[in-house]
Amino acid sequence: MCRSTVQGRHLISDDNGYVCSALSINPWSYCCPTTGDRFSCQGCKLDLQCCNSYEYCVSCCLNPSKTKKEDVLKLKVAKPVTAGTYTNVFDFCMGRCRHSSASVVHENAYASDFHHCFSVQQNSSGSVESSSVSKLLGINVIVGRPGESCSLVCKVRGQSCVPSRLSVLNKCEILQKYMRCKSGCFRSLGPDQPAEVVDEAPTSLNPGACLYMQMDERLTCDGSHQHTRRLCPCA
């Protein structure tokens, strides 16, 4: 007997790692035929661990070389402290491959065709940059000019600022990727963050420093400061 995904109209993946059409699944065992590729990553970007199909995402995720059972069983199903952990790899893959708020922009459009992602790092203390890259699929990261808000930075390019992605950029590792940050990276509380202080700023403002917001919930697309250049997510 197999466990299988059931949400697809055309494809189904089973817990053995096979993908098949919904009509070809065995009605008694609920297993896919074993004639196809096992652990298929068709339509997947393996560097990001994201796929354009839910069923192939689950199949690819089940590959022991890509998802370690010992890592998965340590992860919580949800963020609350009281949440339980995954009991098997199939449950992890089914849950992880479903798209979430991290897959959409403007609340009604996918950030990328590859919006089914199974990276363990997204739910652990692993590489910040690895999980951030997948969350920025379909997003144009733009460095604004001094005094510009992100709303304006994106608008002049015919796009809109995506508030939900500001928290992804609000990290020293990401600021240092797009900006020089020659004077270091520091926590702050300004509405213009994440941002870099311009070299021409008064000495008291620490020219060349990158600043990130202490509290993500205060991040906004509309903040600006005459002496900083914002890092903006546009789409």
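Now for a quick tour of the structure. (Residues numbered from 1 in each chain as written. Predicted model: local features only at pLDDT ≥ 70, side-chain atom pairs only at ≥ 80, totals over all residues. Heavy atoms only, no water.)

Focus on the nonpolar core
Threshold: Joining through side-chain atoms within 4.5 Å is the link that ties buried Ala, Val, Leu, Ile, Met, Phe, Trp, Tyr and Cys residues into a set, and such a set is a nonpolar core. When a residue's accessible area, from a 1.4 Å probe over protein chains only, is under 20% of the maximum for its type it is buried; when over 50% it is exposed; and in between it is partly exposed. Under the DSSP-based scheme used, a helix requires at least four consecutive residues in state H or I and a strand at least two consecutive residues in state E, with every element numbered from the N terminus. Whether two residues are in contact is decided by their heavy atoms: any pair within 4.5 Å suffices.
Core analysis: the biggest nonpolar cluster contains 21 residues, and V58, C61, L62, F92, C93, C97 and F118 have the highest contact counts within it. For this core, the elements supplying multiple residues, two or more each, are α1 (54-61) and α3 (89-97). Once residues within four sequence positions are removed from consideration, F118 is found in contact with Q49, C51, C57, C60, C61, K66, T67, F92, R96 and C97. In terms of nonpolar packing, the next biggest core, distinct from the first, is built from 14 residues, V141, C172, L175 and C181 among them.

Some remarks on α3
Burial runs high along α3: 7 of the 9 residues are buried. Buried within α3 are the following residues: V89, F90, F92, C93, M94, R96 and C97. The secondary structure elements touched by the buried residues of α3 are β1 (11-13), α1, α2 (69-72) and β7 (116-117).

Comments concerning the sheet that holds strand β4 (residues 50-51)
Where strands meet in a sheet, backbone hydrogen bonds hold them as pairs that are either parallel or antiparallel. Convention followed: Strands are treated as partners if at least two bridges between them are detected by DSSP.
With antiparallel pairing, the 3 strands of this open sheet are ordered in space as β3-β4-β7. Because the sheet does not close on itself, it has two edges, and the strands there are β3 (44-45) and β7. Bridging between β4 and β7 involves 2 bridges; their strand directions are antiparallel. Note on β7: the bridge partner recorded for C50 is C117.

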